[in-house]
Amino acid sequence: MSTISIIGSGGVAAAIGGLAAKAGHAVQVMSRDAAKARAPAEQVGAGATTGTFGAAPVGDIVILAVPYSAVLDVVKQYGKALAGKLLVDITNPINSDFTGFLTPEDSFGAQEIAKVAPANATIVKAFNTQNAHVLAAGPIGGHPLDVFIAGDDAQAKARVSAFIDSLGLRPMDAGRLIMARTLEHACMLWLGLMTRSIKHTNFSIRVSLLG
């Protein structure tokens, strides 16, 4: 089992933390607001701890579970404390009216994070296409949720895949980190379906294997 540090205190942070604790991982929650960090830590239970925001995370895997609008400043503030860490980017750089992206046209969220992270940190995109309450609920009709991942480091992706699998979810490797752009667009697809066709958030995007 691994030690997982989660930077953030929102619904996805609590969902991943809860699944991780249930799977036997040690969980650390970190937030600018210590009280906000305690809330998901208490929700996670199973001995989850809180950490000082900006201090070196204890986790083998560090999950960036803050909004994209804040994540670059967060990574900059942590600075060298993230050196050598495996950073899991779950963010989506989508504007508030769901009409476009907050990133430069020639870039994407995970790449912007990589620019401000320590040079020896490793970035893997994952979890960005899953809604918090659906993720927390786990398998649907006996089928595990798909978690799409992208990254340039094969060993890092293998570690993230093993972590995802331990949560009862199905890791789906989408390729190199540049595919994170496509995964961020997949979240835009999810938002379009939610607002125009499905009209609720109780669904997920998954791969169905035929035959």
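The present account deals with the structure reproduced in this document.

Calculation criteria
- Residue numbering note: each chain is counted from 1, following its sequence as written.
- Since the coordinates come from a predicted model, pLDDT governs what is reported: local features require at least 70, and pairs of side-chain atoms require 80 or more to be given and counted, while whole-chain, interface and lining totals use all residues.
- Values reported for side chains reflect all heavy atoms of the structure, with hydrogen atoms and water molecules removed beforehand.
- The criterion for an aromatic pair is that two Phe, Tyr or Trp rings (for Trp, the six-membered ring) have centres within 6.5 Å, with stacked assigned to planes under 30 degrees apart, edge-to-face to planes over 60 apart and tilted to the rest.
- The helix and strand labels rest on DSSP assignments: H or I over at least four residues marks a helix, E over at least two residues marks a strand, and numbering proceeds from the N terminus.
- Burial status follows relative accessibility: with a 1.4 Å probe on protein chains alone, a residue under 20% of its type maximum counts as buried, one over 50% as exposed, and anything between as partly exposed.
- For two strands to count as paired, DSSP must find a minimum of two bridges between them.
- Axis lines are fitted through C-alpha atoms, for helices just across the contact stretch, and the angle between N-to-C directions can take any value from 0 to 180 degrees.
- The arc refers to the directions leading from the helix axis to the C-beta atoms.
- Here, residues are in contact when the closest pair of their heavy atoms is within 4.5 Å.
- Working definition of a nonpolar core: buried Ala, Val, Leu, Ile, Met, Phe, Trp, Tyr and Cys residues. They are joined through side-chain atoms within 4.5 Å.
- Each reported salt bridge corresponds to a side-chain nitrogen of Lys or Arg within 4 Å of a carboxyl oxygen of Asp or Glu.
- Throughout this description, any angle smaller than 35 degrees is read as roughly parallel, any larger than 145 degrees as roughly antiparallel, any in the 65 to 115 degree range as roughly perpendicular, and the remainder as oblique.
- By definition, turning the near helix anticlockwise from the far helix through less than a right angle yields a left-handed crossing, and turning it clockwise yields a right-handed one.
- Amino acids outside the nonpolar list (Ala, Val, Leu, Ile, Met, Phe, Trp, Tyr, Cys, Pro) and the charged list (Asp, Glu, Lys, Arg) are all regarded as polar, and Gly is one of them.
- Polar contact is the term for a pair of N or O atoms within 3.5 Å; when the atoms are in protein, one must be able to donate a hydrogen and the other to accept it, and sequence-neighboring residues count only if both atoms are side-chain atoms.

Looking at the packing of aromatic side chains
Next, step 1: The tally for this structure, following the rule as stated, stands at 2 aromatic pairs.
Next, step 2: Arranged with centres 4.8 Å apart and planes meeting at 10°, the rings of Trp 190 and Phe 203 form a pair that is stacked. Of this pair, Trp 190 sits in helix 7 (residues 180-198) while Phe 203 is found in the segment after helix 7, placing the two residues 13 residues apart along the sequence.
Next, step 3: When its relative accessible area of 12% is taken as the criterion, Phe 203 is described as buried.

Examining the sheet that holds strand 6 (residues 122-125)
Next, step 1: With respect to topology, 8 strands assemble into an open sheet ordered 3-2-1-4-5-6-7-8, the strand pairing being mixed. Lying at the two open borders of the sheet, with one neighbouring strand each, are strand 3 (49-51) and strand 8 (170-173). In this sheet, neighbouring strand axes are inclined to one another by 30° on average, regardless of whether the strands run parallel or antiparallel.
Next, step 2: Sheet analysis places strand 2 (residues 26-30) next to strand 3, joined by 3 bridges and oriented parallel. Bridge pairing links Gln 28 to Thr 49 in strand 3.

Things to note about helix 4 (residues 109-116)
Next, step 1: Buried within helix 4 we find Gly 109, Ala 110, Glu 112 and Ile 113. Seen from one end, helix 4 has its buried residues packed into an arc of 160°, which puts them on one side.
Next, step 2: Check the buried side of helix 4 and you find it contacts strand 4 (61-64), helix 3 (68-78), strand 5 (86-89), strand 6 and helix 7.

So, the nonpolar core
Generally speaking, soluble globular proteins have nonpolar side chains that are buried together.
Next, step 1: Counting residues in hydrophobic clusters, the biggest one holds 31 residues, and the most contacted among them are Ile 63, Val 88, Phe 127, Phe 163 and Leu 169.
Next, step 2: For this core, the secondary structure elements donating two or more residues are strand 1 (3-7), helix 1 (11-22), strand 2, strand 4, strand 5, helix 5 (132-137), strand 7 (146-151) and helix 6 (154-166).
Next, step 3: Sequence-distant contacts of Leu 169, defined by excluding residues within four places in its chain, comprise Leu 19, Phe 127, Leu 135, Pro 144, Leu 145, Val 147 and Ile 164.
Next, step 4: Met 30, Leu 64, Val 75 and Tyr 78 belong to the second largest nonpolar core, which has 22 residues in total.

Regarding helix 7
Next, step 1: Three or more residues of helix 7 are buried, namely Ala 180, Leu 183, Glu 184, Ala 186, Cys 187, Met 188, Trp 190, Leu 191 and Met 194.
Next, step 2: Looking at the buried positions of helix 7, the neighbouring elements they touch are strand 5, helix 4, strand 6 and strand 7.
Next, step 3: Backbone geometry just downstream of helix 7 places Lys 199 in the positive-phi region, at approximately 70°.

As for the pattern of salt bridges
Next, step 1: Counted under the stated rule, the structure contains 6 salt bridges.
Next, step 2: Across the pair Lys 125 and Glu 184 runs a salt bridge whose closest N-O atoms are separated by 2.8 Å. Of this pair, Lys 125 sits in strand 6 while Glu 184 sits in helix 7; the two residues are 59 residues apart in sequence, bridging distant segments of the chain. Take Lys 125 and Glu 184: they sit in the same class, and that class is buried.

Side note on the packing of helix 3 against helix 4
Next, step 1: At their nearest, the axes of helix 3 and helix 4 sit 9 Å apart, and the two run at 20° to each other. If you check the angle between helix 3 and helix 4, you find them roughly parallel. Remark: the crossing between helix 3 and helix 4 carries right-handed chirality. Taken together, the residues of helix 4 that come into contact with helix 3 (itself represented by Tyr 68, Val 71, Leu 72, Val 75 and Lys 76) are Gly 109, Glu 112, Ile 113 and Val 116.
Next, step 2: Of the residues contributing to the contact of helix 3 with helix 4, the split by class is 6 nonpolar, 1 polar and 2 charged.

So, the side chain of Asn 128
Next, step 1: With respect to the helices and strands, Asn 128 occurs in the loop between strand 6 and helix 5.
Next, step 2: Within the local environment of Asn 128, its side chain forms a polar contact with the backbone oxygen of Leu 183, the two atoms lying 2.9 Å apart.
Next, step 3: The residues contacting Asn 128, other than those within four sequence positions of it, are Ile 90, Thr 91, Asn 92, Leu 183, Glu 184 and Cys 187.

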